[in-house]
Each structure stands twice: as structure tokens, then as C-alpha cells.
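# Fold and geometry: a report
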Amino acid sequence: MLISKRTIPGKNSTLLITAIALGVILNPLNTTMITVALPDIKDQFQLTSKDISWLIASYFMVSAIFLPLIGKLSDYYGRKKIFIIGLLLVAISSFTAPLSTNMEFLLMMRTIQAIGTSALYPAGIGIVRTYIEKNQNRVIGTLSVFATTSAAFGPTISGLLVQQGGWPIIFYVNFPIIVISAILAILSIPKDIKNTQKTFKWDVIGIILFGLSIFLWMFLLQSLENGVSYWLLFSPLVVTFLFYKYENKKDEPFININFFKKNINITLIYCLYSLTTIVFFSMLLSMPIYLQLVLSLTSKITGIMMLSISVFAMIITPIAVRWMEKSGYRYPLLSGGIAGLIGVVLLLTINHNSPLLWIFSVLSLLGLSNGILNIGLQNILYSLVSKSESGIASGLFMTSRFIGNILASSIFGVMFATGINDGNHNSMSIILLIVSLVLIPGMLYITRSNASQISGRGIS
């Protein structure tokens, strides 16, 4: 394990946090910038909707596996070192991905990119926990919100650039961020100090079982358009059960199952966040391609339309924080859940003849909902965990986001398997309506069962 007891005051701490923040946004940006570019990628490589969903979901599958793994590696081999290596991997993949001549090569480069971006969040959080003492949990929470809400800007950035330079330009966007983050990291993050008292223990079986279970669940979801296969259902259930039993007995597990078991409310928060992410990312994934192929909008106009989600999510976040500090979490979270439910219902009114202003308004409502739910669930999480658990809690919070992203990608693949049209758009909206309905009682329970513990508290 690598440790250091130095703290960084003043200006250097600001530079360090800036370096981490820039690194952290690379994962969410690269998960959503590709959405507006999908029609061009689809045409160039002759892809189906199922191919696209695998292209998107594979990024999250790799991220979900490597985020906890690299988090452990950074604890042992050096957080600064891992952070810089992560930036280097993103740079390599961003340079080579535009050279792709087929789907397989592009998928390989996206995999390298996912590994690189997955290194940045856990290593960055570890660096903050090591060197930043003042308002540490607030900084960690801000980075998490920053990472999540920045995802909403991906389609807008992509839409404004793709029309000028084609889909490869979405990878070149990374370079200014990488360069600035790397320079600040080298200058502001202290050198890792090695402690040889412990050695890293690879939980190889746990990693394999976790990765296999995610793949099998994804494969099952992608096959639902052809009906339910009991064999396909049996396989992921068995592998998931084996993963649970194996990890439960490990002293140093790949995924800390006991962290979920000891507080059911924390587990519920992760589940609610995954459901929230399903709605949010389904919009980020489906609407850009729907607007371009069904409404025949340019990538530039599509990017501007998608700005509705990001802008309103960013506007509502600080307002929601103040609201929660004054009145607690119950009413803000219920308001966010109801706003999302209304927004999904209104999605059913959107078709190829809908005015752009109406579509913009509906997406804005969904952006408001996501902004409230995202910050609210995160604040509740940090109010329930101790300072010493903030690292693992934040890592699992991001993992739950990846799970939601994978499920959203699967919904997209199944619902649009027969083409991008109004009918399939409505079918997806009905699925999201069911998800939104489940969120409401979940919000009621989590805010009622923890009222005395979390009422009026924010990230401390």
C-alpha cells in the first residue's frame, strides 16, 4: 500500500482538486458524447440497434469491473501513478479510435478508454482522502455530482462538433482535458510513498464471476425481444449467486458484500440511483438518435436540444441542496421523483410531428428531476456512512450508475431492435414509466426510515 500523511493547504489544494475534477469528467463525457455520433457510426460500420447497445454497454461493463479493481490497485501501487496511467490510456485510445476501420477495432479502443477513465475516479478519490482534510466529504460529494451531471453535456458538445468533423472528433475533445489534468496532477499531487507492509491480493475468481454475471445479464436482456429463455435466465442467476457466496467468505473481496448487508438503506439508495440512471441515460442514449433519424435534425440542432437536460440539471442542483438543508430530503426527493414521472408520461406525447419547443420542455423537466434525485440520493448516502467509509461508498455509488447505464443500454437495444420510430419510442417510454413509478415508494421509504438521521443534513 502507498501512503502519505502530508496535507496540501491553500492554492495547491485547489490545483489538486481541479486536476482530479478534470480527470473525473472524462468517463461521463465519453459515455454520452458518442450518443449524437451514433447515426454516423451506425452508417459507416453498418450496425444494428443491438450492435449499438453493445458498443455502449460494453463501455459500462468494463468500467463496472475495473473501477473497484483499479481502486484497490491504486491503494497499493500508488494513486498518483495510477491516475497518470489512466490519463495516458485515455490519450492513447482517443488518438487511435478515430482510425478505426471496423466495429471490432473501435470496440477495442473504447475498452482501453473505459479502463483508463475507470482509473481516474477511484485514484482521484483516494488522493482527495489522503491530502485534503478540510470538508473532505463535501469535496468527494462535489466530485461525484460533477462527474454525473457533466454526462449531460456530452451530447451537446458532440452535437456542436460532429457536424464539423464527423464522429472521430468526439475523441479529440479529450486531449485538452487530459493535458491540463496531467500537468496539474504532476505539479500538485505529492509523490507516492511506498509502504511494503502489505501486498496486493488479487481476487481473480471474484473478478471473473462479477464480469461473467454482468455479461450474462446483459446477454439475457438483449435476447428478450425473442422471448424469455429459461436457460438464459438460469445462467446469470447461478453465476450471481456464486459470486455472492464467494465474495461473502473473502477477507479482501473484489466487491465488499458486507458493506451492502450491514445497512439495507444504503443498498436501497444504490438501487434507487440505478433506477434514476436508467431514466436519465435512456434519454441521453435514445433522444439524440431519435431526433436525427425520425425528426431529421442535424447533429448541431440535436446537441442544442439535448442542452435542455444538462442546463436544467445544473441549475436545479444548487437550489435542491439549499432546499434539502432547510427542509430535509423528503419533499425535494418526492418532487424530483414526481417531476420525472410527469416527464416520462409526457414522453408518450412526443412524435415525429412534435414542435421542438415541446420536446425541449419535456427534456428540461427530466433534467430538473435528475438534478434533484442525483444530489439528493448522494447526500443521503454520505449522511449514512462514516468518514472512513466514504471511499468505498463513493466507488459503489459510481458502480451503481454503471449498472443503471448498462440496463438503459439494454432497454435501448431491445426497444429499438426493429428500428428507430415513434412506436418503439413509445414502448421505451412505457418501460421508463414503470421504472419511475417504482422510484416514488422507494423515495418515501428511504426518507421516512432515516428521517431522524438525515433530516436537514447535506454533505459534511
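Residues numbered from 1 in each chain as written. Predicted model: local features only at pLDDT ≥ 70, side-chain atom pairs only at ≥ 80, totals over all residues. Heavy atoms only, no water.

### Let's talk about the overall build of the protein
In terms of regular secondary structure, the protein is built from 19 helices and zero strands. Here the protein has a C-alpha radius of gyration of 21 Å; the compact-globule value for 460 residues is 23 Å, and the two agree. Based on the C-alpha atoms only, the size of the protein along its principal axes is roughly 65 × 55 × 50 Å. Contacts in the protein between residues at least 24 apart in sequence constitute 83% of all its contacts with a sequence separation of at least 6. When the accessible area of the protein is evaluated, it comes to approximately 18400 Å², of which 67% is carbon and sulfur surface. (Helix = DSSP H or I, 4+ residues; strand = E, 2+ residues; numbered from the N terminus. Rg over C-alpha atoms; globule rule 2.2 N^0.38 Å. Contact = heavy atoms within 4.5 Å. Areas by Shrake-Rupley, 256 points an atom, 1.4 Å probe, with all protein chains shown as cover.)

### A look at helix H13 (residues 264-293)
Its 30 residues give H13 an end-to-end C-alpha distance of 43 Å, which sits within 8% of 44 Å, the value for a rise of 1.5 Å per residue. Where H13 bends most, the angle comes to about 30°, and this point is Ser 286, followed within four residues by the proline Pro 288. Counting buried residues in H13 gives 25 out of 30 residues, a clear majority hidden from the surface. (Expected span 1.5 Å × (residues − 1). Bend = angle between axes of the 7 residues up to and from the residue. Buried < 20%, exposed > 50% of the residue type's maximum accessible area, 1.4 Å probe, protein only.)

### Focus on unusual backbone geometry
Among all residues save glycine, negative phi is the norm, and among peptide bonds the norm is trans. With a phi close to 55°, Gln 46 is a non-glycine residue in the positive phi region. On the secondary structure map, Gln 46 appears in the loop between helix H2 (26-45) and helix H3 (49-77). By relative accessible area, Gln 46 is classed as exposed at 65%. The backbone phi angle of Ser 296 is positive, close to 60°, even though this residue is not glycine. Position of Ser 296 relative to the elements: it lies in the loop between H13 and helix H14 (299-327).

### Notes on the nonpolar core
If you look at the biggest cluster of nonpolar residues, it comprises 142 residues, and the most contacted ones within it are Ile 41, Met 283 and Leu 291. Among the elements that make up this core, the one with the highest residue count is H13 (16 residues). Beyond its immediate chain neighbours, meaning those up to four positions away, Leu 291 contacts Ser 296, Leu 297, Thr 302, Met 305, Met 306 and Ile 359. (Core = buried A, V, L, I, M, F, W, Y, C linked by side-chain atoms within 4.5 Å.)

### Here we look at empty space enclosed by the protein
Under the counting rule described, the total for this entry stands at four cavities of 30 Å³ or more. The wall of the largest cavity is formed by 15 residues, among which Val 279, Phe 280, Leu 366, Ser 369 and Asn 370 lie closest to the centre. Secondary-structure elements contributing two or more residues to the lining of the largest cavity are H13, helix H15 (330-347), helix H16 (356-384) and helix H18 (422-449). The leading source of residues in the lining of the largest cavity is H16, at five residues. For the lining of the largest cavity, the class distribution of residues is seven nonpolar, eight polar and no charged. (1 Å grid on protein atoms, 1.4 Å probe; cavity = no way out; pocket = protein on both sides within 12 Å on 5 of 7 lines; lining within 4 Å. Points joined across faces, edges and corners; volume = space filled by probe spheres on them. Nonpolar A, V, L, I, M, F, W, Y, C, P; charged D, E, K, R; others polar.)

### What about the packing of aromatic side chains?
Tallying each qualifying case throughout the model produces twelve aromatic pairs. Their ring planes at 80° and their centres at 6.2 Å tell us that Tyr 59 and Phe 60 sit as a pair that is edge-to-face. On the basis of relative accessibility, which here comes to 1%, the residue Tyr 59 falls in the buried class. Measuring from ring centre to ring centre gives 6.5 Å for Tyr 270 and Phe 397, while their planes differ by 55°; the resulting arrangement is tilted. With Tyr 270 in helix H13 and Phe 397 in helix H17 (residues 390-415), this residue pair connects regions lying 127 residues apart in the sequence. One aromatic cluster in this structure is built from Tyr 59, Phe 60, Phe 281 and Phe 402. (Phe/Tyr/Trp six-rings, centres within 6.5 Å; stacked < 30°, edge-to-face > 60°.)

### A word on the packing of helix H7 (residues 154-165) against H14
Where H7 contacts H14, the axes come no closer than 7 Å and their chain directions differ by 170°. As the angle between them shows, H7 and H14 are arranged roughly antiparallel. Between H7, through Pro 155, Thr 156, Gly 159, Leu 160, Val 162 and Gln 163, and H14, the contact on the second element is made entirely by Ser 299, Lys 300, Gly 303, Ile 304, Met 306, Leu 307 and Ser 310. Of the residues contributing to the contact of H7 with H14, the split by class is six nonpolar, six polar and one charged. (Axes fitted to C-alpha atoms, helices over the stretch in contact; angles between N-to-C directions. Parallel < 35°, antiparallel > 145°, perpendicular 65-115°, else oblique.)

### Let's talk about the side chain of His 425
The topology assignment puts His 425 in helix H18. On the basis of relative accessibility, which here comes to 1%, the residue His 425 falls in the buried class. Engagement of the side chain of His 425 in a polar contact is seen with the backbone oxygen of Leu 347, the distance being 3.3 Å. Contact partners of His 425, with chain neighbours within four places excluded, come to Met 287, Tyr 290, Leu 347, Ile 350 and Phe 416. (Polar contact = N/O pair within 3.5 Å; in protein donor to acceptor, adjacent residues only side chain to side chain.)

### A short note on a nonpolar patch on the surface
Taken together, the side chains of Trp 231, Phe 234, Val 238, Phe 241 and Leu 242 present a nonpolar region at the surface, about 550 Å² in accessible area. Looking at Trp 231, the relative accessible area reads 61%, which means it is exposed. (Patch = residues over 30% accessible without salt bridge, like charges linked within 9 Å, V, L, I, M, F, W, Y side chains within 5 Å. Salt bridge = Lys/Arg side-chain N within 4 Å of Asp/Glu carboxyl O.)

### Quick notes on H3
Taking 1.5 Å of rise per residue, 29 residues should cover 42 Å, and H3 covers 40 Å from first to last C-alpha, within 8% of that figure. Positioned one or two residues after H3, Gly 78 has a phi angle of 115°, which is positive.

### Some words on the packing of helix H4 (residues 79-96) against helix H9 (residues 174-188)
The geometry of H4 relative to H9 is characterised by a closest axis approach of 10 Å and an angle of 160° between their N-to-C directions. Considered as vectors, H4 and H9 are oriented roughly antiparallel to each other. You can see that H4 and H9 cross each other, and the crossing is left-handed. Contacts from Lys 80, Phe 83, Ile 84, Leu 87, Val 90, Ala 91, Ser 94 and Phe 95 in H4 reach Asn 174, Phe 175, Ile 178, Ser 181, Ala 182, Ala 185 and Ile 186 in H9. Split into classes, the residues belonging to the contact of H4 with H9 amount to eleven nonpolar, three polar and one charged. (Left-handed = near helix turned anticlockwise from the far one by under 90°.)

### Quick notes on the confidence of the model for the protein
In low-pLDDT segments, the atomic positions of the prediction should not be examined closely. Considering every residue of the protein, the mean pLDDT works out to 84; 90% of them sit at 70 or more. Confidence, read as mean pLDDT per element, is least for helix H19 (residues 451-454) in the protein (49) and greatest for H15 (94). In this model, residues 1-5 is a region of pLDDT below 50 whose contacts with residues beyond four sequence positions or in other chains number 21 contacts. Below pLDDT 50 for its whole length, residues 455-460 participates in 16 contacts with residues either more than four positions away or in separate chains. (pLDDT = per-residue confidence, 0-100.)

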